[in-house]
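Structural description and commentary
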Amino acid sequence: MGTDLHALLRSLRVWDPEVTALPPFDPAAAPAAPLPLFTTWFAEAVAAGQREPHTMSLATSDAAGLPDVRIVMLHGADEDGWSFATHASSHKGAQLAVRPHAALAFYWPVLGRQVRLRGPVTAAPAQDSQGDLHARSTGALAAALTGRQSEVLGSLEELAQMSQAAWDQARREPDAPVPTWTLYRLDPDTVEFFQGDERRRHVRLNYRRSHEGWERELLWP
């Protein structure tokens, strides 16, 4: 007998108090810029036991304006922007080449929090991109060396063969270059912090960049 999807959806709870704590959030006490608040919230998500808090949704669009989204890993956040990496030859890289704007979304359900960012994306210099890659694990290098991301795959056997060769090379040459590997930085125009509330009085604080710096505004939930 098949699964009743609608019944299953209705049975699920959002922010179950057994696994979620909804801390108070006073936007009046928030810093003048979004990066310090993001750093604080990220550290609190880690401390609260949020699994894989560094994963985020990355939304891009293609030449026709059609949207695309996937989960990627945050590689850093500083005054230059929020960074992630991929092959320039991948679908993400091709889309960013023609439409260099994107959106990011973090979701940390253990605290009922979201962070959303939108803004232009630039590619870091090749030296920074290769440094980012070689600071990661052998497996990350092997995956990058395997390459051909987003291309049609003939069989899992073909993947296994190419992956094994890439693992061998990664162990043999830990500094092997991968020219297509690119570190991208999103420099946000807007950053929204969402704190859930059990009475659905969610607090949404939006930072909006202006000529004078960052402006802050509250949004209706």
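Scroll up for the structure.
Quick summary incoming for the structure in this document. These figures come from a predicted structure and were not determined experimentally.

Turning next to the overall build of the chain. For the chain, the count of helices and strands is 6 helices and 10 strands. Taken along the three principal axes of its C-alpha coordinates, the chain extends 60 × 55 × 40 Å. Taking all 221 residues of the chain together, 34% fall into the buried category. For the chain, contacts bridging at least 24 residues in sequence account for 65% of all contacts bridging at least 6. Across the chain, the mean location of the 21 positive side-chain charges is 5 Å away from that of the 27 negative side-chain charges.

Inspection of the sheet shows strand β8 (residues 190–195) paired to strand β9 (residues 203–210) by 6 bridges, in the antiparallel sense. Each bridged residue has a counterpart across the sheet, and for Gln195 the counterpart in β9 is Val203. Remark: 2 residues form the turn of the hairpin made by β9 and strand β10 (residues 213–219), two consecutive strands paired antiparallel.

What follows concerns the packing of aromatic side chains. Overall, the coordinates contain 12 aromatic pairs when judged by the stated rule. Ring centres of Phe106 and Trp108 lie 5.7 Å apart, and the angle between their planes is 45°; this geometry places the pair in the tilted category. Trp108 sits in the buried class, given a relative accessible area of 0%. Taken together, Phe25, Trp41, Phe193, Tyr207 and Trp214 form an aromatic cluster joined through their ring pairs. If you follow Arg113 out to its NZ or CZ, it ends over the ring of Trp41, 4.1 Å from the centre.

We now examine the environment of Thr60. Along the chain, the position of Thr60 falls in strand β1 (residues 55–61). For Thr60, a relative accessible area of 4% corresponds to the buried category. The spatial distance from the C-alpha of Thr60 to the C-alpha of Gln95 is 6.6 Å, given a sequence separation of 35 residues. When residues no more than four places from it in sequence are discounted, the contact partners of Thr60 are Leu66, Pro67, Asp68, Arg70, Gln95, Leu96 and Ala102. A distance of 2.9 Å separates a polar atom in the side chain of Thr60 from a polar atom in the side chain of Arg70. At a separation of 2.4 Å, a polar atom in the side chain of Thr60 contacts the side chain of Gln95.

About the thresholds
- Residues numbered from 1 in each chain as written.
- Predicted model: local features only at pLDDT ≥ 70, side-chain atom pairs only at ≥ 80, totals over all residues.
- Heavy atoms only, no water.
- Helix = DSSP H or I, 4+ residues; strand = E, 2+ residues; numbered from the N terminus.
- Buried < 20%, exposed > 50% of the residue type's maximum accessible area, 1.4 Å probe, protein only.
- Contact = heavy atoms within 4.5 Å.
- Lys, Arg positive; Asp, Glu negative; His and termini not counted.
- Charge placed at Lys NZ, Arg CZ, Asp CG, Glu CD.
- Pairing = 2+ DSSP bridges.
- Phe/Tyr/Trp six-rings, centres within 6.5 Å; stacked < 30°, edge-to-face > 60°.
- Lys NZ or Arg CZ within 6 Å of the ring centre and 35° of its normal.
- Polar contact = N/O pair within 3.5 Å; in protein donor to acceptor, adjacent residues only side chain to side chain.

All we've got here are geometric facts, nothing functional implied.
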